[in-house]
Amino acid sequence: MENSGRTSVQSRCTQETRVELTLCLDGCGRSRISTGIGFLDHMLQLLTYHAAFDLELAAAGDLHVDGHHTVEDVGITLGRALAAALGDKKGIARYGQCFLPMDEALVLVALDISGRGLLVEDLQLPPVMLGNFAAELVPEFLRALAHNAGITLHVRRLAGTNTHHVIEAVFKGLGRALRQAVARSGEGIPSTKGVL
């Protein structure tokens, strides 16, 4: 991956996980992702593609316990990378939103790169496994991402009975909303406060 434009290299190492990633916001949707959780890899590939980011991510975690630590730490590290790549946020559009249909599922994702990390979600995902990924970890990933990126993030399921479809719509919609929000839209800070 070429390190051009708004790029960040991040790593996180704990007694439970090790995450290393390189993120470029001005990419073309290329990704190389390995977390040990196939479903998470797929969702991150979709997010990257729809955001038009470039992402290289390698994670190793205590999957013999479960996926929680790995999923959360990937969210933390990706959130920190987003914040670092955005820098002072001059010239960004700031806001993004997407209604994303995936077959019978329909999800709303709306976000504000506000500097105030917050997740408001209403997905009501059932406690099911998709491969070795627990569906209940989706809010954990989103919360870690939002808090560490400084994003106010709203995610809501409007329709859908297939859990895979609902989660896929979330990640695609998040990618589309991020693509709008990080787009260059002017010169200054997009806030009357003069800071985000």
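Located above this text is the structure these notes cover.
Residues numbered from 1 in each chain as written. Predicted model: local features only at pLDDT ≥ 70, side-chain atom pairs only at ≥ 80, totals over all residues. Heavy atoms only, no water.

A.B. asks: Report on helix α2 (residues 68–86), specifying residues and quantitative values.
C.D. replies: Relative to the 27 Å expected for 19 residues at 1.5 Å per residue, α2 spans 27 Å between its end C-alpha atoms, a close match to the ideal helical length. Within two residues after α2, Gly 87 carries a phi angle of roughly 60 degrees, on the positive side. (Helix = DSSP H or I, 4+ residues; strand = E, 2+ residues; numbered from the N terminus. Expected span 1.5 Å × (residues − 1).)

A.B. asks: Help me get a handle on the sheet that holds strand β10 (residues 152–159), residues and values and all.
C.D. replies: Strand order across the open sheet formed by four strands is β5-β6-β10-β7, with mixed pairing between neighbours. Bordering the open sheet on either side are β5 (95–102) and β7 (118–122), each of which pairs with just one other strand. The mean inter-strand angle of the sheet, taken between neighbouring strand axes irrespective of direction, is 10 degrees. Bridge analysis of β7 against β10 gives five bridges, and the strand direction is parallel. (Pairing = 2+ DSSP bridges. Axes fitted to C-alpha atoms, helices over the stretch in contact; angles between N-to-C directions.)

A.B. asks: Break down the environment of Arg 32 for me, citing the residues and quoting the values.
C.D. replies: Here Arg 32 shows up in strand β3 (residues 31–34). Looking at Arg 32, the relative accessible area reads 57%, which means it is exposed. Note: C-alpha distance between Arg 32 and Asp 54 (22 residues apart in sequence) is 8.6 Å. Setting aside chain neighbours within four positions, we find Arg 32 in contact with Leu 55, Glu 56 and Leu 57. (Buried < 20%, exposed > 50% of the residue type's maximum accessible area, 1.4 Å probe, protein only. Contact = heavy atoms within 4.5 Å.)

A.B. asks: Mind laying out the packing of helix α3 (residues 137–149) against helix α4 (residues 163–182), listing which residues take part and the relevant values?
C.D. replies: Put simply, α3 and α4 touch, their axes get as near as 12 Å, and they point 15 degrees apart. The pairing of α3 with α4 is recorded here as roughly parallel in orientation. Relative to α4, the crossing made by α3 is left-handed. When α3 is examined against α4, the residues Val 138, Phe 141, Leu 142 and Leu 145 are found in contact with a partner set consisting of Ile 167, Val 170, Phe 171 and Leu 174. Class assignment for the residues of the contact of α3 with α4 results in eight nonpolar, no polar and no charged. (Parallel < 35°, antiparallel > 145°, perpendicular 65-115°, else oblique. Left-handed = near helix turned anticlockwise from the far one by under 90°. Nonpolar A, V, L, I, M, F, W, Y, C, P; charged D, E, K, R; others polar.)

A.B. asks: Run through the pattern of salt bridges, naming residues and quoting values.
C.D. replies: Using the criterion set out here, one finds nine salt bridges in the structure. In this structure, Asp 112 and Arg 94 form a salt bridge, with 2.6 Å as the shortest nitrogen-oxygen distance. Residue Asp 112 is found in strand β6 (residues 105–112), and its partner Arg 94 is found in the loop between α2 and β5; the two are separated by 18 residues along the sequence. The class of Asp 112 is buried, set by a relative accessible area of 12%. We classify Arg 94 as buried; its relative accessible area is 8%. For Lys 172, the salt bridge is made with Glu 168, and the minimal N-O distance between the two is 2.9 Å. One end of the pair is Lys 172 and the other is Glu 168, both in helix α4 and four residues apart, which spans about a single turn. In terms of burial, Lys 172 and Glu 168 fall into one category: buried. Three or more residues are tied together by salt bridges with common partners; here these are Arg 6, Asp 26 and Arg 184. (Salt bridge = Lys/Arg side-chain N within 4 Å of Asp/Glu carboxyl O.)

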